[in-house]
Amino acid sequence: MNINRNYLNLQDSYLFARIAKSVNEFKAQNPDKKVISLGIGDVTLPLSKSVIAALSAATLEMGNAETFKGYGDYEGYAFLRKAFCDYYAGKGLTLELDEIFVSDGAKSDVGNMLDIFSEDNTVLIPDPVYPVYVDTNIMAGRNIVYMDANDGNSFKPLPDKNVKADIIYLCSPNNPTGAVYNKAELALWVEYALENDAVILFDSAYEAFVCDKSLPTSIYQIDRAEQCAIEFCSLSKTAGFTGTRCGFTIIPKALTRSGESLNRLWLRRQSTKFNGVPYIIQRGAEAVFSPEGLAEARASVAYYMDNARVIADTLTKLGIEFTGGHNAPYVWLKCPDGLSSWEFFDKLLTKMNIVGTPGAGFGKNGEGNFRLSAFGNRDNVAEAMKRLEENL
Ligand code: PLP
């Protein structure tokens, strides 16, 4: 009997465990200190009124024989896919219902999508990066080529014609750097993918945070992207669904490789390995796209973006370089005084009692950088920035 030995090539995911250990030790030794966390990537505001009303109504439906629902469609209920189509129409994009697959969040689909691609494909992954892209490919034993995201390219790597890749991961707005590709930059990626017969896996989990109207919020806003890109969308950050779980994956029918429709392959995969997202959750997700639901979701996003602005303004005042914070809920700063990510982490924790995330945890290019999240409570963000101003 053989295990999947690729799992032995995974690095221990010690980042958040190490952060938690340091924070817990510090709190135990300093019980009187108020520690503020700007390290989390999770939302803090509750679900909106519209979503709660829809979840409650759907729960009652499930208790009534006439309205009870059993298994749903593998690709999600049409009412939700229609609501999502309308949302995309607002971006000037036309999707067909069967190009949309409802998921239990972007993370599972980003990982599971690899099922439909051969293991001998080469994947191109930015560094630093959301660790799921790397780990899921290591699990499958794929060859990974990293592209450097650094100061030199404003954390937005562009295609290198000398590198041949089959699968390309792009995340914009980016976690952890907060960098956002513009249309011209994404167009270069689309051109590269078409030339190389590659497929772009585009993670738009943070699209709702883009405020600048000239920036793309979907890769399909770029010409011919429907021939080379799959897009992963999530309600986690848009509408506070991190614990409720719902997202969408778009696979255009125009996307074929080796003469096969990737949409058809994915449907075949899902109908074998996935039995859908709960009806109750899909009704809650539908409510996000109602006029009231959208207004409520926008208000939550605006709250977090105000936090981001407070953080960005403070860093500007202190003369600390950063990216993100304007069209993304993450602020990615250069550690002052040449400190390493972990040295800055220790300084923030012990001197200012603030917790952030060391950039080194997201890849080698993250060293010397630091991520602050805007998902916290407003008063805490303001207090943390006051401490930064006093101490840096
Ligand atoms: N993609 C990125 C870039 C993320 O940062 C996250 C969560 O932090 C996800 C996907 C996961 O989204 P979901 O909660 O929909 O699984």
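Here is what the cut-offs are and how they apply
- Residues numbered from 1 in each chain as written.
- Predicted model: local features only at pLDDT ≥ 70, side-chain atom pairs only at ≥ 80, totals over all residues.
- Heavy atoms only, no water.
- Salt bridge = Lys/Arg side-chain N within 4 Å of Asp/Glu carboxyl O.
- Helix = DSSP H or I, 4+ residues; strand = E, 2+ residues; numbered from the N terminus.
- Near = heavy atom within 4 Å.
- 1 Å grid on protein atoms, 1.4 Å probe; cavity = no way out; pocket = protein on both sides within 12 Å on 5 of 7 lines; lining within 4 Å.
- Sits in = over half its atoms within 2 Å of the grid points.
- Nonpolar A, V, L, I, M, F, W, Y, C, P; charged D, E, K, R; others polar.
- Axes fitted to C-alpha atoms, helices over the stretch in contact; angles between N-to-C directions.
- Parallel < 35°, antiparallel > 145°, perpendicular 65-115°, else oblique.
- Contact = heavy atoms within 4.5 Å.
- Core = buried A, V, L, I, M, F, W, Y, C linked by side-chain atoms within 4.5 Å.
- Buried < 20%, exposed > 50% of the residue type's maximum accessible area, 1.4 Å probe, protein only.
- Pairing = 2+ DSSP bridges.
- Expected span 1.5 Å × (residues − 1).
- Arc of directions from axis to C-beta.
- Polar contact = N/O pair within 3.5 Å; in protein donor to acceptor, adjacent residues only side chain to side chain.
- Phe/Tyr/Trp six-rings, centres within 6.5 Å; stacked < 30°, edge-to-face > 60°.
- Lys NZ or Arg CZ within 6 Å of the ring centre and 35° of its normal.
- Points joined across faces, edges and corners; volume = space filled by probe spheres on them.

A. Representation of the pattern of salt bridges. Counting across every chain of the model gives 19 salt bridges. Of the charged contacts in the structure, one is a salt bridge between Glu 61 and Lys 69, with a shortest N-O distance of 3.9 Å. Taking the shortest distance from any N to any O, the salt bridge between Lys 273 and Asp 115 comes out at 2.9 Å. Residue Lys 273 is found in helix H7 (residues 262-273), and its partner Asp 115 is found in the loop between helix H4 (106-112) and strand E3 (122-127); the two are separated by 158 residues along the sequence. When salt bridges with common partners are traced through the structure, they connect Glu 96, Asp 98 and Lys 253 into a single cluster.

B. Summary view of unusual backbone geometry. Omega for the bond connecting Asp 127 with Pro 128 falls within 30 degrees of zero, at 10 degrees, which places this linkage in the cis form. With respect to the helices, strands and loops of the structure, Pro 128 is situated in the loop between E3 and helix H5 (131-139). Here the amide bond leading from Ser 172 into Pro 173 is cis, since omega sits at -5 degrees, within 30 degrees of zero. When you line up the elements, Pro 173 lands in the loop between strand E5 (167-171) and helix H6 (183-196). The residue Arg 224 is not glycine, and still its phi comes out positive at about 70 degrees. If you trace the backbone, Arg 224 turns up in the loop between strand E6 (199-203) and strand E7 (229-234).

C. View of the site of the ligand. Neighbouring the ligand are 14 residues, the closest being Ala 106, Asp 203, Tyr 206, Ser 234 and Ser 236. When atom positions are compared with the pocket grids, the ligand is found to occupy the largest pocket. Here the shell around the ligand is composed, by residue class, of six nonpolar, four polar and four charged.

D. Highlighting the packing of helix H10 (residues 341-352) against helix H11 (residues 378-391). Put simply, H10 and H11 touch, their axes get as near as 11 Å, and they point 100 degrees apart. By the criterion of interaxial angle, the relationship of H10 to H11 is roughly perpendicular. On H11, the residues touching Leu 348, Lys 351 and Met 352 of H10 are Arg 387, Leu 388 and Asn 391. Looking at the contact of H10 with H11, its residues break down into three nonpolar, one polar and two charged.

E. Highlighting the nonpolar core. In terms of nonpolar packing, the biggest core is built from 52 residues, with Phe 84, Ile 168, Ile 200, Ile 219 and Phe 289 touching the most fellow members. With seven residues, helix H3 (residues 78-89) is the single largest residue contributor to this core. Sequence-distant contacts of Phe 289, that is, excluding residues within four places in its chain, are made with Leu 80, Ala 83, Phe 84, Tyr 87, Leu 235, Phe 248 and Leu 294. Listed in part, the 32 residues of the second largest apolar core include Leu 315, Val 331, Leu 349 and Val 381.

F. Main features of the sheet that holds E3. The seven strands are arranged E2-E8-E7-E6-E5-E3-E4 in an open sheet whose pairing can be described as mixed. Of all the strands in the sheet, the pair left with one neighbour each is strand E2 (100-103) and strand E4 (143-148). Recorded for the sheet is a direction-independent mean angle of 20 degrees between the axes of neighbouring strands. As paired strands, E3 and E4 are joined by six bridges and run parallel to one another.

G. Fine view of H7. Here H7 is 12 residues long and its end C-alpha atoms lie 16 Å apart, about the 16 Å a rise of 1.5 Å per residue gives. Here H7 has its buried residues at Leu 262, Asn 263, Trp 266, Arg 269 and Gln 270. For H7, the arc enclosing every buried residue in end-on projection is 125 degrees, short of the 170-degree limit, so these residues lie on one face. In H7, the exposed positions that point more than 90 degrees away from the buried face belong to Arg 268 and Thr 272. In this fold, the buried residues of H7 make contact with E2, H4, E6, E7, strand E9 (256-257) and strand E10 (260-261). If you check the start of H7, you find a side-chain oxygen 3.3 Å away from the backbone N of Asn 263, and it comes from Ser 261.

H. A look at the packing of aromatic side chains. Taken as a whole, this structure holds 23 aromatic pairs when the rule is applied. An aromatic cluster is defined as three or more aromatic residues linked by ring pairs; in this entry it consists of Tyr 206, Phe 209, Tyr 303, Tyr 304, Tyr 330 and Phe 375. Taking NZ or CZ as reference, Lys 69 lies 4.7 Å from the ring centre of Tyr 279, over its face. Sitting above the plane of the Tyr 88 ring, Lys 91 keeps its charged end 5.1 Å from the centroid.

I. Spotlight on the packing of helix H9 (residues 291-318) against H11. Closest axis-to-axis distance for the H9/H11 pair is 10 Å, and the angle between their directions is 5 degrees. It follows from the interaxial angle that H9 and H11 lie roughly parallel. In contact with Tyr 303, Asp 306, Asn 307, Val 310, Ile 311, Thr 314, Leu 315, Lys 317 and Leu 318 of H9, H11 contributes Arg 378, Val 381, Met 385, Leu 388 and Glu 389. Broken down by class, the residue content of the contact of H9 with H11 amounts to eight nonpolar, two polar and four charged.

J. A look at empty space enclosed by the protein. One pass over the structure, following the stated rule, counts two cavities of 30 Å³ or more. Pro 126, Pro 128, Ala 149, Phe 155, Lys 156, Pro 157, Cys 171, Asn 174, Thr 177, Ala 179 and Tyr 181 together form the lining of the largest cavity. Residues that form the lining of the largest cavity fall into these classes: eight nonpolar, two polar and one charged. In this structure, the second largest cavity occupies an estimated 50 Å³ of space. Sorting the residues of the lining of the second largest cavity by element identifies H3 and E7 as the ones contributing at least two each. Among the elements that take part in the lining of the second largest cavity, H3 stands out by supplying three residues, more than any other.

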